[in-house]
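Architecture and fold: a report
So you can see what is in the structure, the chains are spelled out below.
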Amino acid sequence: MDDMTPRGPIALDGPVASGKSTVGLGIARRLGWTFIDTGLLYRVVGLLALRIEPPARSDESLERIAVEAEMRIDSMSVHVNGEDVTALIHSAEVAQMASRVAELSPVRRALVTKQREMAAQAGGSVVMAGRDIGTVVLRDAPIKIYLDASPEARAGRRFAEEHARGTPRTFTDVLADLRERDRRDAERADSPLRPAPDARRLVTDSLSVEQVIDRVLDHVRGN
Ligand code: DC
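A quick note: this is a predicted structure, and the numbers were derived from the prediction, not measured. (Residues numbered from 1 in each chain as written. Predicted model: local features only at pLDDT ≥ 70, side-chain atom pairs only at ≥ 80, totals over all residues. Heavy atoms only, no water.)

1. Regarding the sheet that holds strand E7 (residues 143-148)
Where strands meet in a sheet, backbone hydrogen bonds hold them as pairs that are either parallel or antiparallel. Taken in spatial order, the five strands make up an open sheet running E2-E6-E1-E7-E8, and their pairing is parallel. Looking at strand neighbours, the two that pair on one side only are strand E2 (34-37) and strand E8 (200-203), the edges of this open sheet. On average, each strand axis in the sheet is inclined to that of its neighbour by 20°, with strand direction left out of account. Examined bridge by bridge, E2 and strand E6 (residues 126-130) share four bridges and lie parallel to one another. Bridging across to E6, Thr34 finds its partner in Val126. (Pairing = 2+ DSSP bridges. Helix = DSSP H or I, 4+ residues; strand = E, 2+ residues; numbered from the N terminus. Axes fitted to C-alpha atoms, helices over the stretch in contact; angles between N-to-C directions.)

Written out as structure tokens, the structure reads:
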């Protein structure tokens, strides 16, 4: 570690499609650190919840899923109970279910425990992205970044990603879905989405990914 290497962890929060994963992965690569996208854990619970019959989808069964599922996150790949679910968790259906299970306190408690264990395993050299990292999960993180952008800019990015994956919806559908998830994230009683008081807020509408990464790195190096 040289003098320019910052002390971690870095907490990276922001709304749906604010660029947390791309930016977080970029920062982690530049620092040689681990990147953990905590949205993937909520998506895993959402996926497993969709696989059970609706009558069994009680708060208790969702809590059990969150506690018992053995999750392994490696950059952008995700394994649960030994199964590679990477290709299954980016659908709009799983995203909506993830956003619903994220409202339940017992689910959040179980996943926050898993996230803290993952951060500890990385020895602090970790960039962790989510909605409540700076406010709850890693409240003591020395560096907190809150990425933001207009709903239209975020929906535009998500729309382009879906096109690239070959699963396109209309822009109007993507924007409506994003506003609905934003509302749920901001209004839930437990750990609603908001910037930590000590977070640096970065509005990224007119910035490229590289520019955002450079700005975050400037900030973490104290410039
Ligand atoms: O970042 P994402 O879209 O993959 O996250 C999926 C859902 O999980 C999102 O709707 C909100 C929830 N989430 C959360 O409540 N807290 C986190 N730290 C990360 C995600």
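2. Some words on the sheet that holds strand E3 (residues 71-74)
What the three strands build is an open sheet, ordered E3-E4-E5; its pairing is antiparallel. Strands with a single pairing partner mark the edges of an open sheet, and in this sheet they are E3 and strand E5 (83-84). Examined bridge by bridge, E3 and strand E4 (residues 77-80) share four bridges and lie antiparallel to one another. By the bridge assignment for E4, Ile73 is matched with Val78.

3. Looking at the pattern of salt bridges
Under the criterion given, the structure shown has 17 salt bridges. In this structure, Arg201 and Asp148 form a salt bridge, with 3.1 Å as the shortest nitrogen-oxygen distance. Remark: Asp148 occurs in strand E7 and Arg201 occurs in strand E8; sequence separation between them is 53 residues. On the basis of relative accessibility, which here comes to 15%, the residue Asp148 falls in the buried class. Among the ionic contacts, a cluster of salt bridges with common partners joins Glu162, Arg169, Asp177 and Arg181. (Salt bridge = Lys/Arg side-chain N within 4 Å of Asp/Glu carboxyl O. Buried < 20%, exposed > 50% of the residue type's maximum accessible area, 1.4 Å probe, protein only.)

4. Some points on the environment of Glu83
Mapped onto the elements of the fold, Glu83 is located in strand E5. Glu83 gets classed as partly exposed once you look at its relative accessible area, which sits at 32%. When the C-alpha positions of Glu83 and Ile73 are compared, they lie 12 Å apart, and in sequence the two are 10 residues distant. Setting aside its immediate chain neighbours within four residues, Glu83 contacts Arg51, Val78 and Leu88. Within the structure, the side chain of Glu83 is placed 3.0 Å from the side chain of Arg51, a separation counted as a polar contact. (Contact = heavy atoms within 4.5 Å. Polar contact = N/O pair within 3.5 Å; in protein donor to acceptor, adjacent residues only side chain to side chain.)

5. Re the environment of Ala66
Position of Ala66 relative to the elements: it lies in helix H3 (residues 59-68). According to the relative accessible area criterion, Ala66 is buried, its value standing at 0%. Taking the C-alpha atoms as reference points, Ala66 and Tyr42, separated by 24 residues in sequence, lie 8.5 Å from one another.

6. So, empty space enclosed by the protein
Summed over the entire model, instances satisfying the criterion amount to one cavity of 30 Å³ or more. Estimated volume of the largest cavity: approximately 40 Å³. Ala11, Asp13, Gly134, Lys144, Ile145, Tyr146, Arg194, Pro195, Ala196 and Ala199 together form the lining of the largest cavity. Listing elements by their share of the lining of the largest cavity, those giving two or more residues are strand E1 (10-13) and E7. (1 Å grid on protein atoms, 1.4 Å probe; cavity = no way out; pocket = protein on both sides within 12 Å on 5 of 7 lines; lining within 4 Å. Points joined across faces, edges and corners; volume = space filled by probe spheres on them.)

7. Here we look at the packing of helix H2 (residues 39-51) against helix H5 (residues 105-121)
Closest axis-to-axis distance for the H2/H5 pair is 10 Å, and the angle between their directions is 135°. By the criterion of interaxial angle, the relationship of H2 to H5 is oblique. Seen along the crossing, H2 lies across H5 with a hand that is right-handed. Listed contacts from H5 to Leu41, Tyr42 and Val45 of H2 are Val107, Arg108, Leu111, Lys114, Gln115 and Met118. (Parallel < 35°, antiparallel > 145°, perpendicular 65-115°, else oblique. Left-handed = near helix turned anticlockwise from the far one by under 90°.)

8. Description of the site of the ligand
Of all residues adjacent to the ligand, which total 14 residues, the nearest are Thr38, Arg43, Arg108, Arg131 and Asp132. A distance of 3.0 Å separates a nitrogen atom of the ligand from a polar side-chain atom of Thr38. One of the side-chain N or O atoms of Arg188 is found 3.1 Å from an oxygen atom in the ligand. Relative to its unbound accessible surface of 450 Å², the ligand loses 96% to contact with the protein. At a threshold of 2 Å from the grid points, most atoms of the ligand map onto the largest pocket. Among the elements of the structure, H2, helix H4 (92-101) and helix H8 (171-187) are those that each provide at least two residues to the shell around the ligand. Counting residues per element, the shell around the ligand draws most heavily on H2, at three residues. Among the residues making up the shell around the ligand, the classes are represented as three nonpolar, four polar and seven charged. (Near = heavy atom within 4 Å. Areas by Shrake-Rupley, 256 points an atom, 1.4 Å probe, with all protein chains shown as cover. Sits in = over half its atoms within 2 Å of the grid points. Nonpolar A, V, L, I, M, F, W, Y, C, P; charged D, E, K, R; others polar.)

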